[in-house]
Amino acid sequence: MPERPDQDRIGELLALDLQHVWHPYGPMPGRTEPLLVESASGVRLRIAEPGGVRTELVDGMSSWWSAIHGYNHPVLNEAVRSQLARMSHVMFGGLTHEPAVRLAERLVAITPEPLQHVFLADSGSVSVEVAVKMCLQYWRSQSRPGKRRLMTWRGGYHGDTWQPMSVCDPEGGMHHLWSGLLPVQVFADAPPAGFDAAPDRAYADHLRETVARHADELAAVIVEPVVQGAGGMRFHSPGLLRVLRETCDEHDVLLVLDEIATGFGRTGTLFAAGHAGICPDVMCVGKALTGGYLTMAAALCTTRVAEGISRGEVPVLAHGPTFMGNPLAAAVALASVDLLLGQDWQREVKRIETGLREGLAPAKQIAGVTDVRVLGAIGVVQLDHEVDMAAATRAAVREGVWLRPFRDLVYTMPPYVTGDEDVAAICRAVLAAAREG
Ligand SMILES: *Cc1c(COP(=O)(O)O)cnc(C)c1O
């Protein structure tokens, strides 16, 4: 069979995609043609256009916070390749292997000391499900089965499976679609904005009162520390996390920190809890865990929680995914964590922070911009209207950059290896997207 011309193949792939393939939060059939990525290397995505033309885009998204070292990294490639030559997967029930054991050892070493036990899950949402199960099982084993609700604050995001959805922001999470089906959780008001703001007294009291009022039925408080990501890219005072830690201790409520977006350096500390100097009872990590190579997340817990579960009527943790501890994912996660720790990552994140502050400052002059904020390697421009995604994306692509705005936000969290000129290009693209979106 003669080979079809390249532009036919590209056009065919895009047409098939619209017809058959769901995309995140997308309609079916698809309405807007996605960009076709042929390969990616460093901080660049190589796009094949329907006419057969190739273009390169600087990635401003790190593939949703995950690709912190960029793409096609020789060290990460080698970690996958050498693990592949041994085995890509074996079941984790009754069997174990070095990549999973070493990864767990490393995670225990780099997280706050009381976190000693690691459950390897296949995605962030699943790690949140597991974290919730840990907390519910803990209270059952303490003969307090009435403690089974969760508390969070508004504006959060914890994933798209059922329990995580129940603690996402009720409006952004479209809870009305699921009323009567989703567990009804306790919501405090959204935390006041501002990383540098002193913790708001009245708001701290509101948190304390809400925990106190529901203490008998609360298994845990779950929040994203310091940065609420997909719920609205908002930053809050680390002092509020200390308030939550104290209040939870006072009222016998567990504290779960969802570090899936913030973990591995993104906000300037290795974990965002580090800004507050607190330790949660359960911590979830994901996204950047594997350097964006494969899907894996983890829920870590303290010995108190683990021992509590073991004393229960069902003395085991009732969860065990088929691909738990996947060796390929564990091997590349270990390599990614070591790659991060083996460099002066704080300087790189600081360098990007400085570049974003300079490059995004002019956004304040753009009509319709209500806020410009930067923390670590996260830059956000907020508008007074819903972004026109198609127009904003076109504007960014014209500047040679890949961005994925949502709601009223144009934002970036570039890979840590992004050079200064590419950071500047990303900033120009954010400005263009804010102007034209
Ligand atoms: C992305 C995210 C999740 C969900 O992770 P998935 O791997 O997409 O299931 C949960 N919590 C936070 C804070 C996230 O950013």
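Here, every reference points to the structure presented above.
All figures in this text were calculated on a predicted structure; none of them were measured in a lab.

Asker: Provide a residue-level description of the pairing of strand 16 (residues 409-412), including the pertinent values.
Answerer: Residue alternation in strand 16 divides its side chains into two sets, Leu-409 and Tyr-411 and Val-410 and Thr-412, and both sets are buried. The pairing of strand 14 (residues 378-383) with strand 16 spans four bridges and is antiparallel. If you follow Val-380 over to strand 16, its bridge partner there is Tyr-411.

Asker: Report on the nonpolar core, specifying residues and quantitative values.
Answerer: Looking at soluble globular proteins, one finds that nonpolar side chains tend to be buried together. By size, the foremost hydrophobic cluster in this structure holds 90 residues, and its most contacted members are Trp-153, Leu-207, Val-221, Phe-264, Val-381 and Leu-403. Among the nonpolar cores identified, the runner-up in size contains 27 residues, and Val-256, Val-282, Val-305 and Met-324 belong to it.

Asker: Before we move on, could you go through the packing of aromatic side chains and cite the residues and values that matter?
Answerer: This structure, assessed with the given rule, holds four aromatic pairs. Both rings, one in Trp-162 and one in Trp-178, keep their centres 5.3 Å apart while their planes meet at 70 degrees; by these two values the pair is edge-to-face. Of this pair, Trp-162 sits in helix 6 (residues 162-166) while Trp-178 sits in the loop between helix 6 and strand 6 (186-188); the two residues are 16 residues apart in sequence, bridging distant segments of the chain. On the basis of relative accessibility, which here comes to 28%, the residue Trp-178 falls in the partly exposed class. Centre to centre, the rings of Phe-406 and Tyr-411 are 5.5 Å apart; their planes meet at 85 degrees, and the pair counts as edge-to-face. Positioned above the aromatic ring of Trp-139 is the side chain of Lys-147, whose terminal nitrogen or guanidinium carbon lies 4.6 Å from the ring centre. The ring of Phe-235 has Arg-373 sitting right over it, with the charged end atom 6.0 Å from the ring centre.

Asker: Mind laying out the site of the ligand, listing which residues take part and the relevant values?
Answerer: With respect to spatial proximity, the complete set of residues near the ligand consists of Ser-123, Gly-124, Ser-125, Tyr-157, His-158, Gly-159, Glu-224, Asp-258, Ile-260, Ala-261 and Lys-287. Side-chain polar atom of Asp-258 to a nitrogen atom of the ligand: 2.6 Å apart, as the coordinates give it. Note that an oxygen atom of the ligand is positioned 2.5 Å from one of the side-chain N or O atoms of Lys-287. Here the ligand, which alone exposes 380 Å², has 82% of that area covered by the protein.

Asker: Can you tell me about the pairing of strand 2 (residues 44-48), naming the residues and giving the values?
Answerer: In the sheet, strand 1 (residues 36-41) pairs with strand 2 via five bridges, with the strands oriented antiparallel. Following the sheet pairing, Ser-41 is matched in strand 2 by Arg-44. The sheet contact formed by strand 2 and strand 3 (residues 54-59) spans five bridges and is antiparallel. Residue Ile-47 lies in a different strand from strand 3, and its bridge partner there is Thr-55. Between strand 2 and the antiparallel strand that follows it, strand 3, lie five residues; Gly-52 among them carries a positive phi value of about 95 degrees.

Asker: Can you lay out helix 3 (residues 74-86) for me, pointing to particular residues and giving the numbers?
Answerer: Along its 13 residues, helix 3 runs 19 Å from first to last C-alpha, staying within 8% of the 18 Å computed at 1.5 Å per residue. Along helix 3, the positions that sit buried rather than exposed are Leu-76, Asn-77, Ala-79, Val-80 and Gln-83. Along helix 3, the residues classed as buried sweep out an arc of 160 degrees about the axis, all on the same side. Away from its buried face by more than 90 degrees, helix 3 exposes Pro-74 and Ala-85. Where helix 3 is buried, its residues touch helix 4 (98-110) and helix 11 (327-341).

Asker: Give a description of the sheet that holds strand 12 (residues 297-302) that names residues and reports values.
Answerer: Read across the sheet, seven strands follow the order 4-12-11-10-7-5-6 without closing on themselves; strand pairing throughout is mixed. The sheet is open, and its two borders are formed by strand 4 (115-121) and strand 6, each paired with just one other strand. If you compare each strand with its neighbour and ignore which way they point, the axes differ by 20 degrees on average. Here three bridges tie strand 10 (residues 254-258) to strand 11 (residues 282-285), and the two strands are oriented parallel to one another. Counterpart to Leu-257 in the pairing with strand 11 is Met-283.

Asker: Can you explain the side chain of Glu-353? Please cite residues and give values.
Answerer: Within the element layout of this structure, Glu-353 appears in helix 12 (residues 345-360). Classification of Glu-353 as buried rests on a relative accessible area of 9%. Not counting residues within four places of it along the chain, the set of residues in contact with Glu-353 comprises Val-374, Leu-375 and Gly-376.

Asker: I'd like to hear about the pattern of salt bridges, residue by residue, with values.
Answerer: This structure, assessed with the given rule, holds 25 salt bridges. The partner of Glu-348 in a salt bridge is Arg-347, with the nearest N and O atoms 3.4 Å apart. The partner of Arg-357 in a salt bridge is Glu-353, and the shortest N-O contact between them spans 2.6 Å. Separated by four residues within a single helix, Arg-357 and Glu-353 lie in helix 12, roughly one turn from each other. Judged by relative accessible area, which is 44%, Arg-357 ranks as partly exposed. When salt bridges with common partners are traced through the structure, they connect Asp-6, Arg-9, Glu-38, Arg-46 and Arg-54 into a single cluster.

Conventions and cut-offs
What you see as residue numbers is a count from 1 along each chain, following the sequence as written. This being a predicted model, a pLDDT of at least 70 is required before a residue's local features are given, and a value of 80 or more before pairs of side-chain atoms are given or counted; all residues contribute to the totals for chains, interfaces and linings. Hydrogens are left out, water is left out, and the side-chain values use all remaining heavy atoms of the structure. With a 1.4 Å probe rolled over the protein chains alone, any residue whose accessible area is under 20% of its type maximum counts as buried; one over 50% counts as exposed, and the rest are partly exposed. Helix and strand labels come from DSSP, where a helix needs a run of H or I of at least four residues and a strand needs a run of E of at least two; each type is numbered from the N terminus. When DSSP finds at least two bridges between two strands, those strands are taken to pair. Joining through side-chain atoms within 4.5 Å is the link that ties buried Ala, Val, Leu, Ile, Met, Phe, Trp, Tyr and Cys residues into a set, and such a set is a nonpolar core. Between the rings of Phe, Tyr and Trp (Trp by its six-membered ring), a pair exists once the centres lie within 6.5 Å; its type follows the angle of the planes, with under 30 degrees stacked, over 60 edge-to-face, and the other angles tilted. Think of it as a cone above the ring: NZ of Lys or CZ of Arg counts as a charge over the ring if it is within 6 Å of the ring centre and within 35 degrees of the ring normal. Any residue with a heavy atom positioned within 4 Å of a molecule or strand is treated as near that molecule or strand. In protein, a polar contact means a hydrogen-donor-capable atom and an acceptor-capable atom, both N or O and within 3.5 Å, with residues adjacent in sequence counting only if both atoms are side-chain atoms; elsewhere, any N or O pair within 3.5 Å suffices. Areas reported here follow the Shrake-Rupley algorithm with a probe of radius 1.4 Å; residue values treat only the protein chains shown as occluding. Multiplying one less than the number of residues by 1.5 Å gives the expected span of a helix. The arc in question is traced by the directions running from the helix axis to the C-beta atoms. What makes two residues a contact is simply this: any of their non-hydrogen atoms within 4.5 Å. In this analysis an axis means a line fitted to C-alpha atoms, helices contributing only their contacting stretch, and an angle means the value between N-to-C directions, from 0 to 180 degrees. A pairing counts as a salt bridge when a side-chain nitrogen of Lys or Arg comes within 4 Å of a carboxyl oxygen of Asp or Glu.

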